[in-house]
Amino acid sequence: IYIKKDYRAQKVGYQTFEFIKKLAKEQKYASIQLTVNKYNENSINVYKHWGFDIVRAEKNDIGNGFYMDDYIMEKSYV
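As a starting point, this report considers the structure included with it.

Cut-offs used in this document
Residues numbered from 1 in each chain as written. Predicted model: local features only at pLDDT ≥ 70, side-chain atom pairs only at ≥ 80, totals over all residues. Heavy atoms only, no water. Helix = DSSP H or I, 4+ residues; strand = E, 2+ residues; numbered from the N terminus. Buried < 20%, exposed > 50% of the residue type's maximum accessible area, 1.4 Å probe, protein only. Salt bridge = Lys/Arg side-chain N within 4 Å of Asp/Glu carboxyl O. Pairing = 2+ DSSP bridges. Axes fitted to C-alpha atoms, helices over the stretch in contact; angles between N-to-C directions. Contact = heavy atoms within 4.5 Å.

### Observations concerning unusual backbone geometry
- You will see that Lys11, though not glycine, has its phi angle at about 65°, which is positive.
- With respect to the helices and strands, Lys11 occurs in the segment before helix H1 (12–26).
- On the accessibility criterion, Lys11 (59% relative accessible area) is exposed.
- Positive phi is not limited to glycine here, since Lys28 has a value of about 60°.
- With respect to the helices and strands, Lys28 occurs in the loop between H1 and strand S1 (31–37).

### Notes on the pattern of salt bridges
- Enumeration according to the criterion identifies 4 salt bridges in this entry.
- Ionic pairing is found between Glu18 and Lys21, a salt bridge with its closest N-O pair at 3.0 Å. Highlighted residues: Glu18 and Lys21, both in helix H1, separated by 3 residues, approximately one helical turn.
- For Glu18, a relative accessible area of 26% gives the class partly exposed.
- Of the charged contacts in the structure, one is a salt bridge between Arg56 and Glu58, with a shortest N-O distance of 3.2 Å.
- Given the relative accessible area of 27%, Glu58 is considered partly exposed.

### Focus: the pairing of strand S2 (residues 53–63)
- Bridge count for S2 against strand S3 (residues 66–76) is 9 bridges, and the pairing is antiparallel. In the sheet register, Lys59 faces S3, and the bridge partner there is Asp69.
- Here S2 folds back onto S3, and the loop between the two strands holds 2 residues, one of which, Asn64, carries a positive phi near 55°.

### Some thoughts on the sheet that holds S3
- If you walk across this open sheet you meet the 3 strands as S1-S3-S2, and the pairing is antiparallel. The sheet is open, and its two borders are formed by S1 and S2, each paired with just one other strand. Pairs of neighbouring strands in the sheet enclose a mean axial angle of 30°, with direction left out of account.
- As defined by bridge partners, S1 adjoins S3 across 7 bridges and the pair is classed as antiparallel. Across the sheet, Val36 pairs through a bridge with Tyr71, a residue of S3.
- Contacting S1, S2 and S3, helix H2 (residues 41–49) runs over the sheet at an angle of about 165° to S1.

And the structure:
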């Protein structure tokens, strides 16, 4: 979830997460997953606060010598 700087600290991310969580429960999904950069400590801490756990790390080549170096985080409903 990317929130423009002007809209941060206004609970936009939290409200978005609550909406996604509601949809996931209605669809009876067992979990929600997201991808976050390994070095984005602020977002990782927010996601952990919302009940997500790091389930694995991934490094994906996106071309021209660039890589996405991420954690996959998951919130389980099981």
